[in-house]
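The chain contents come next:
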Amino acid sequence: MKTYFNNIAGIPEIIEEIKKVTGFLWEKGWAERNAGNLSYNITDIAQEYIEFLDFETPVKSGKPFPNLDNNLLLVTGTGTRMRDVFKNPYNNICILHIVENGTAYRQFQKPESGIKILPTSELSSHLAIHEMLVANNREEKVIIHTHPNNLIALTHIREFCDEDRINNMLWSIQPETRVFIHEGIGFVHYLQTGSDDLADATIGKLKKHRVALWEKHGCLAIGKNPAEAFDLIDIAEKSADIFFICKSAGYKAEGISKKNLDELQQAFNIE
Ligand code: 2HA
Ligand code: ZN
């Protein structure tokens, strides 16, 4: 029995979630040209349908990702614009089935669209992060990479290229950041975009953090769903925004006092 991907129970809702969040990324101004990418591990909801879907011949993935064997991932296409993913998610997203013990992937054929899209240029880092998430039984299924202006601007200031300093500043700007990003963001010093070094450094940070900030480049966050990953970046970006608003007005943000932050920590049971 042939199955159409969109008919799989739960898929239309997932596509809708992706649509909403990619629209936000564009509206926020964090997604110039083809900036950013998104992936979603949909194995839990779609695995039983894999045998009914038509896939192309497998392509080797470079490195092995054994924990991803037989997983199904949605990834944005290379060169695709977030505003286009928002407008037409189905034509801008690749559906990948990881096969051959995690050493290859095969792409779902979408004959009805007639468009061939290749996966994001950051595919190897997305696969490596999903591999780490599955290996550690983590709940996060979604990875979002985007270019939030104020957070990137902070990484052009030497003083803030330091994990403790940038977190203490971001936490001090608004209670939400302290409460919802209680573990802080992971700071990754400048590394070449798309490189294995950047992927490895990011994975190192994601063991303890859900947001990684890449110096002079952008942000990457993980979440149980697209909204959760988006919210984390949005909260951190808001702190950075307020910091710069004070600065532009000629003031230095006073920040919430250490005493008030300690009280917040106790009230919300933050470790
Ligand atoms: O996907 O943002 O870092 C385009 C990028 C690469
Ligand atoms: Zn980027």
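Conventions adopted
Sequence order sets the numbering: in each chain, residues are counted from 1 along the sequence as written. Think of it this way: whatever chain is written first is A, whatever ligand is written first is 1, and the rest follow in order. Where totals are concerned, whole chains, interfaces and linings use all residues; where local detail is concerned, this predicted model gives features only for residues with pLDDT of at least 70, and gives and counts side-chain atom pairs only at 80 or more. Side-chain numbers here rest on the full set of heavy atoms in the structure, without hydrogens or water. By the criteria applied, helices consist of DSSP H or I runs no shorter than four residues and strands consist of E runs no shorter than two, each listed in order from the N terminus. With C-alpha atoms as the basis for the radius of gyration, the globule rule is written as 2.2 Å multiplied by the number of residues raised to the power 0.38. Any pair of residues with heavy atoms lying within 4.5 Å of one another is described as a contacting pair. In short, Shrake-Rupley with a 1.4 Å probe defines the accessible areas, and a residue's cover is counted only from the protein chains shown. A carboxyl oxygen of Asp or Glu within 4 Å of a side-chain nitrogen of Lys or Arg is what we treat as a salt bridge. Buried means the residue's accessible area, taken with a 1.4 Å probe over protein chains only, is under 20% of the maximum for its type, while exposed means over 50%, and partly exposed covers the values in between. Donor atoms (N, O, S) are those found within 2.8 Å of the metal centre, with the cutoff raised to 3.2 Å for Na, K and Ca; water is not part of the atom list, so apparent gaps in a site can occur. We call Phe, Tyr and Trp rings a pair once their centres come within 6.5 Å, taking the six-membered ring for Trp, and we label the pair stacked below 30 degrees between planes, edge-to-face above 60, and tilted otherwise. Note on criteria: charge over ring means Lys NZ or Arg CZ within 6 Å of the ring centre, with the direction from the centre no more than 35 degrees off the ring normal. Nearness here has a simple test: a residue counts as near a molecule or strand if at least one of its heavy atoms is within 4 Å of that partner. Polar here means any residue outside two lists: the nonpolar Ala, Val, Leu, Ile, Met, Phe, Trp, Tyr, Cys and Pro, and the charged Asp, Glu, Lys and Arg; Gly therefore counts as polar. Any N or O atom pair separated by 3.5 Å or less is treated as a polar contact, with the protein-specific requirement of one donor-capable and one acceptor-capable atom, and with residues adjacent in sequence counted only for side-chain atom pairs. Between any two strands, at least two bridges found by DSSP are needed for them to pair. Throughout this description, the term nonpolar core refers to a set of buried Ala, Val, Leu, Ile, Met, Phe, Trp, Tyr and Cys residues connected via side-chain atoms within 4.5 Å. By definition, pLDDT measures how confident the predictor is in each residue, and it falls between 0 and 100.

Asks: Can you walk me through the overall build of the chain in this structure?
Replies: When helices and strands are tallied, the chain shows 11 helices and nine strands. Against the compact-globule benchmark of 18 Å for 271 residues, the chain has a radius of gyration of 19 Å, which places it among compact chains. A fraction of 74% describes how many contacts in the chain between residues 6 or more apart in sequence connect residues 24 or more apart. Per element, the accessible surface of the chain, about 13,000 Å² overall, is 50% carbon and sulfur.

Asks: Explain the pattern of salt bridges to me, please; I cannot follow it from the model alone.
Replies: Under the defined criterion, the tally for this structure stands at 12 salt bridges. Here Asp44 makes a salt bridge to Lys141, at a shortest N to O gap of 3.5 Å. Separated by 97 residues along the polypeptide, Asp44 in helix H2 (residues 43-46) and Lys141 in the loop between helix H5 (123-135) and strand E6 (142-146) bring together distant segments of the chain. Between Lys216 and Glu215 there is a salt bridge, with its nearest N and O atoms 2.6 Å apart. By relative accessible area, which is 33% here, Lys216 ends up partly exposed. Using a relative accessible area of 5% as the deciding quantity, one classes Glu215 as buried. Connected through shared salt-bridge partners, Arg158, Glu215 and Lys216 make up one network.

Asks: Looking at this model, I keep getting lost on the environment of Leu96. Mind explaining?
Replies: Within the secondary structure layout, Leu96 lies in strand E4 (residues 93-99). Since its relative accessible area comes to 0%, Leu96 is described here as buried. For Leu96 and Phe55, which are 41 residues apart along the polypeptide, the C-alpha to C-alpha distance reads 8.6 Å. In this structure Leu96 touches Asn71, Leu72, Leu73, Val75, Tyr105, Arg106, Gln107, Pro119 and Leu123, once residues within four positions along its chain are discounted.

Asks: Looking at this model, I keep getting lost on the coordination of the zinc ion (ligand 2). Mind explaining?
Replies: Metal coordination angles have textbook ideals: 109.5 degrees for a tetrahedral set of four donors and 90 or 180 degrees for an octahedral set of six. His145 (NE2), His147 (NE2) and His217 (NE2) make up the full set of protein donors to the zinc ion (ligand 2), lying at 2.0 to 2.1 Å. Among the residues examined, His145 registers a relative accessible area of 2% and is labelled buried.

Asks: It is not clear to me how the packing of aromatic side chains should be interpreted in this structure. Could you clarify?
Replies: Following the criterion strictly, the structure yields six aromatic pairs and no others. The structure contains a cluster of three or more aromatic residues connected by ring pairs, namely Phe5, Phe55 and Phe108. Looking at Lys19, its charged tip hangs above the ring of Phe86, at a distance of 4.4 Å from the centre. Stacked on the ring of Trp26, the Lys or Arg Arg83 has its end atom at 4.7 Å from the ring centre.

Asks: Please clarify how the site of ligand 1 should be interpreted in this entry.
Replies: Looking at ligand 1, the residues that line it are Asn34, Ala35, Gly36, Asn37, Glu122, His145, His147, Thr193 and His217. Relative to its unbound accessible area of 220 Å², ligand 1 is 87% covered by the protein chains. Partitioning the shell around ligand 1 into residue classes produces one nonpolar, seven polar and one charged.

Asks: It is not clear to me how the side chain of Thr80 should be interpreted in this structure. Could you clarify?
Replies: Summarising the element assignment, Thr80 is placed in the loop between strand E3 (72-76) and helix H3 (82-87). There is a polar contact of 2.6 Å between the side chain of Thr80 and the backbone oxygen of Gly77.

Asks: So what exactly am I meant to see when it comes to the sheet that holds strand E1 (residues 37-41) here?
Replies: Within a sheet, adjacent strands bond to each other through the backbone by hydrogen bonds, running parallel or antiparallel. With mixed pairing, nine strands are arranged side by side in an open sheet as E2-E5-E4-E3-E1-E6-E9-E8-E7. Of all strands in the sheet, those bounded by a partner on one side alone are strand E2 (59-60) and strand E7 (186-188). Here four bridges tie E1 to E6, and the two strands are oriented antiparallel to one another. Bridging across to E6, Leu38 finds its partner in Ile144.

Asks: Can you walk me through the nonpolar core in this structure?
Replies: Nonpolar side chains in soluble globular proteins generally cluster together in the buried interior. One finds Phe5, Ile42, Leu74, Ile144 and Leu154 to be the most contacted residues of the largest nonpolar core, which totals 52 residues. The leading source of residues in this core is helix H10 (residues 226-248), at nine residues. Counting residues in hydrophobic clusters, the runner-up holds 24 residues, among them Leu68, Leu73, Leu123 and Leu127.

Asks: Please explain the confidence of the model for the chain as it appears in this structure.
Replies: Summing up the model confidence of the chain, the mean pLDDT is 95 and the portion of residues at 70 or higher is 97%. Across the chain, helix H6 (residues 149-154) holds the top mean pLDDT of 99, while helix H4 (residues 89-92) sits lowest at 90.

Asks: Which parts of the structure should I look at to understand the environment of Lys216?
Replies: Residue position: Lys216 is located in the loop between strand E8 (211-214) and strand E9 (218-223). At 2.6 Å, the side chain of Lys216 and the side chain of Glu215 are in polar contact.

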